[in-house]
Structure formats: structure tokens, C-alpha cells
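For reference, the chains in residue letters:
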Amino acid sequence: MTRPPTQYLEVVFDRLPRSIEPALSSWLFRHGCWGTQEKLDFTQENLKYEPLIKQKRIINVSAYFDPGKREEVEGPILVWLGEHSPQTKIQWQVQNSKDWLTEWKKHFKIFKVAGIKVVPAWQTKKLKPAEKKTSLIIEPGMAFGTGTHATTKFAMEMIQKLSKMSVLKGSTVLDVGAGSGILSAISEIYGAKSILAMDNDPESWRECKKIFKLNKTKGCKVTPKQITEIPGRYDLVIANIIDGVLIEIKESLWKKTKAGGHIILSGILSAGALAFEKSFLEGHKGVVIARLNDEEWTSLLISK
């Protein structure tokens, strides 16, 4: 087994126009670059939501090379910059290799959404005993979401709304396209009694089992079955899936929802939300009782 390098050469490009970054990256990789990284600036409206990236025209980018390659690549890099971006400044430094997963974990902070504290597994000691009942323990960095994407946040807020309407306690829930199982676990936190998570990806089944174990859920289960194979009807059906798929499985979603029950739909592109809503409701006696949206995504809460 090849051991990872103990050092790397970092080349920092300061004041690089974003418009030429793709060309520079392509050139660097052709000349032996191991990888590149942009230094990002963030803005955060409030502590409820995760920071958003500021889009800037002038950026700072680092490229990584074998530390023995400096003499080989320094001249060509300076020539390339002289031709394409003479205002860009460059720095060279040899760095000791790091455990990047550990470094990343240092910067992942607890955040709150829909009344739930989302807590990475390695920070659970920071929770007070009373906070554990309203906290969701996650393993960030896995193949599926961690609660930061707008579609997931909107679905979480819809679950919270149903809890405030006093219709979630003791209910049954079907989580369609469950991903990491976050929405299933949150449904239990907010009072649901029995939650079935389903997804067509085996990786999702593993992630659901993991998050259910982390949160010591009692009523959450995951199944490899397709929605047409699942018997019975549910008080709440949740589907956080892209809108095209929601239309494809629309009849199954209606069929699996009890009369008087609710459907949460997320993953709807805002640009086509009105047309989607009309198409989804067509042929069914359902009423949209809540909408959440931003410029890109829309979520609906439907009463059947």
C-alpha cells in the first residue's frame, strides 16, 4: 500500500479573476497538480441557517503539488500568469500533510433549524440533558444530506408545523426517498409513533440505520421495498425528491396517504412551482395549506 505524502507544495494564487480560474485549473492539472481549493468568504443572515457563500469576481486559489516539483513548474506558471493574469500574486510554501477530515470537523458547528438542534456526533458532549430530546445527531460528510440544504430545511419546518397543529403525535409516517433518514428521525422527535423510511439506494439504507442508531429512535425503520410494494396508508407521507420524480410517483403518494392525512413535498423547483402544484393536485381532493420557498426551491404541505 502506498503511503500518503508527508508534505505537499502549496501554490497560492492571490487576486485571480474568477473568469480565468477554469483555464488555470485545467492548465495546472495538465502539469501535475494534485488538487485545487478556493478560499471562500461566507455571509450568515442569522444563526438559524448555515452560512452562504459570497460570490466574488476576484478570488484566492491554492494548488497542490509534489514538493519536489517546484523548479519544474515555477517557470511555466509565471509565464502563464504573465500572459493571462499579470495582476495575480503568487506564493510558494511547503506544508506538512494534515488529516483533512479531522481539520474539517473542527469547523462544523451545531446549528438549529425548525426548532431542532442539529449536532455532529463528535459534539454531543456539549448538549445538556434537557437538550437531547430536541436534538438530531448526525454524521456529516456522508453520501446524503445533513439538514443544511433548503429542501431538507423546508421539509423539517413543515414537520414542525404539523406538530404545532397537534396532528403529529402518535401518527404513522412514510418517508419516501429518505436519503440519510433525517426527516424520519425528526418526525419521531416531534411525536410520530411509527416511521417507515424507504429509498432505492442501498447506501441510503445503511445511512438510515446509522442515524436511527445515533438518535436511539424507537419507531423508525427502513425498508428496501418500492412504494408500490408497501402495504397500508399513513397519516403523513413525506417526499423530498426532485419535482419530476414527484410527478412520476404522484398516484402512489396519494394512495399511501390516509383520508384526512397530510403530504409534505419538497424538491420542487420554484420556477415551475405553480405548474407543479396544479399537476400534482389534478384529479385529487387535496388542499395546499402551507408553502415555503426561496428563489430556487419550493416545498408544499398538502391536506388530503
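Each chain carries its own residue numbering, running from 1 in the direction its sequence is written. A pLDDT threshold of at least 70 governs which residues receive local features in this predicted model, and a stricter bar of 80 or more applies before side-chain atom pairs are shown or counted, although totals over entire chains, interfaces and linings include all residues. By convention in this description, side-chain values take in all heavy atoms of the structure and omit both hydrogens and water.

Draft legend 1. Molecular detail of the overall build of the chain. Check the secondary structure of the chain and you find 9 helices and 16 strands. Exposure classes here rest on a 1.4 Å probe applied to the protein chains alone. A residue is buried below 20% of its type maximum, exposed above 50%, and partly exposed in between. Across the 304 residues that make up the chain, the buried fraction comes to 43%. By sequence separation, contacts in the chain at least 24 residues apart represent 69% of the contacts at least 6 residues apart. In these tables, accessible area is a Shrake-Rupley quantity obtained with a 1.4 Å probe, and a residue counts as shielded only by the protein chains included in the view. Entry remark: accessible area of the chain is about 17,100 Å², with carbon and sulfur atoms responsible for 53%. Under the DSSP-based scheme used, a helix requires at least four consecutive residues in state H or I and a strand at least two consecutive residues in state E, with every element numbered from the N terminus. Only heavy atoms matter for contacts: two residues are in contact if any of them lie within 4.5 Å across the pair.

Draft legend 2. A look at the confidence of the model for the chain. The predicted model of the chain averages 88 in pLDDT, with 87% of residues at 70 or higher. pLDDT expresses, on a scale from 0 to 100, how confident the predictor is about each individual residue. Strand 10 (residues 172-176) holds the highest mean pLDDT among the elements of the chain, 98, whereas strand 3 (residues 42-43) holds the lowest, 56. Within the model, pLDDT remains below 50 along residues 46-50, and this stretch shows 13 contacts once partners closer than five positions in the same chain are excluded.

Draft legend 3. Structural view of the packing of aromatic side chains. Only Phe, Tyr and Trp rings are paired, with Trp represented by its six-membered ring, and only when their centres lie within 6.5 Å; those with planes under 30 degrees apart are stacked, over 60 edge-to-face, the remainder tilted. Applying the stated criterion across every chain, the model contains 4 aromatic pairs. Ring plane angle 45° and centroid distance 6.4 Å describe the contact between Trp-27 and Trp-80, whose orientation is recorded as tilted. Of this pair, Trp-27 sits in helix 1 (residues 21-30) while Trp-80 sits in helix 2 (residues 70-84), placing them 53 residues apart in sequence. Taken as a pair, Trp-27 and Trp-80 share a single burial class, namely buried. Centre to centre, the rings of Phe-276 and Phe-280 are 5.8 Å apart; their planes meet at 20°, and the pair counts as stacked. With Phe-276 and Phe-280 both in helix 9 (residues 273-281) and 4 residues apart, the pair spans about one turn of that helix. The class of Phe-276 is buried, set by a relative accessible area of 6%.

Draft legend 4. Focus on the pairing of strand 1 (residues 7-17). Most of strand 1 is tucked away: 8 of the 11 residues are buried. A pair of strands is considered paired only if DSSP assigns at least 2 bridges between the two. Direction of pairing for strand 1 relative to strand 6 (residues 89-96): antiparallel, over a ladder of 8 bridges. Bridging from a neighbouring strand, Tyr-8 pairs with Gln-95 of strand 6.

Draft legend 5. Structural context of the pattern of salt bridges. Whenever Lys or Arg places a side-chain nitrogen within 4 Å of a carboxyl oxygen from Asp or Glu, that contact is recorded as a salt bridge. Going through the model one piece at a time under the given rule, you end up with 8 salt bridges. When the shortest N-O distance is used, the salt bridge between Arg-18 and Glu-38 registers 2.8 Å. Of the two residues, Arg-18 sits in the loop between strand 1 and helix 1 while Glu-38 sits in strand 2 (residues 35-39), which places them 20 residues apart along the sequence. On the basis of relative accessibility, which here comes to 28%, the residue Arg-18 falls in the partly exposed class. Judged by its relative accessible area of 26%, Glu-38 falls in the partly exposed class. For Arg-70, the salt bridge goes to Glu-74, with nearest N and O atoms at 3.1 Å. Of this pair, Arg-70 and Glu-74 both sit in helix 2, 4 residues apart, roughly one helical turn.

Draft legend 6. Up close: the sheet that holds strand 10. Read from one edge of the open sheet, 7 strands run 12-11-10-13-14-16-15, paired in mixed fashion. Sheet topology places strand 12 (220-223) and strand 15 (287-293) at the edges, where each strand pairs with a single neighbour. Between one strand axis and the next, the sheet turns through 15° on average, direction left out of account. Two elements, strand 15 and strand 16 (residues 297-303), share 6 bridges in a ladder whose sense is antiparallel. Residue pairing across strands places Asn-293 opposite Thr-298, the latter belonging to strand 16. The angle between two axes is taken between their N-to-C directions and runs from 0 to 180 degrees, where each axis is a line fitted to C-alpha atoms and a helix contributes only its stretch in contact. Its contacts with the sheet put helix 4 (residues 150-164) on strand 13 (234-240), strand 14 (257-269), strand 15 and strand 16, and the angle it makes with strand 16 is roughly 25°. Sitting on the sheet, helix 5 (residues 182-189) is in contact with strand 10, strand 11 (194-198), strand 12 and strand 13, with an inclination near 175° to strand 11.

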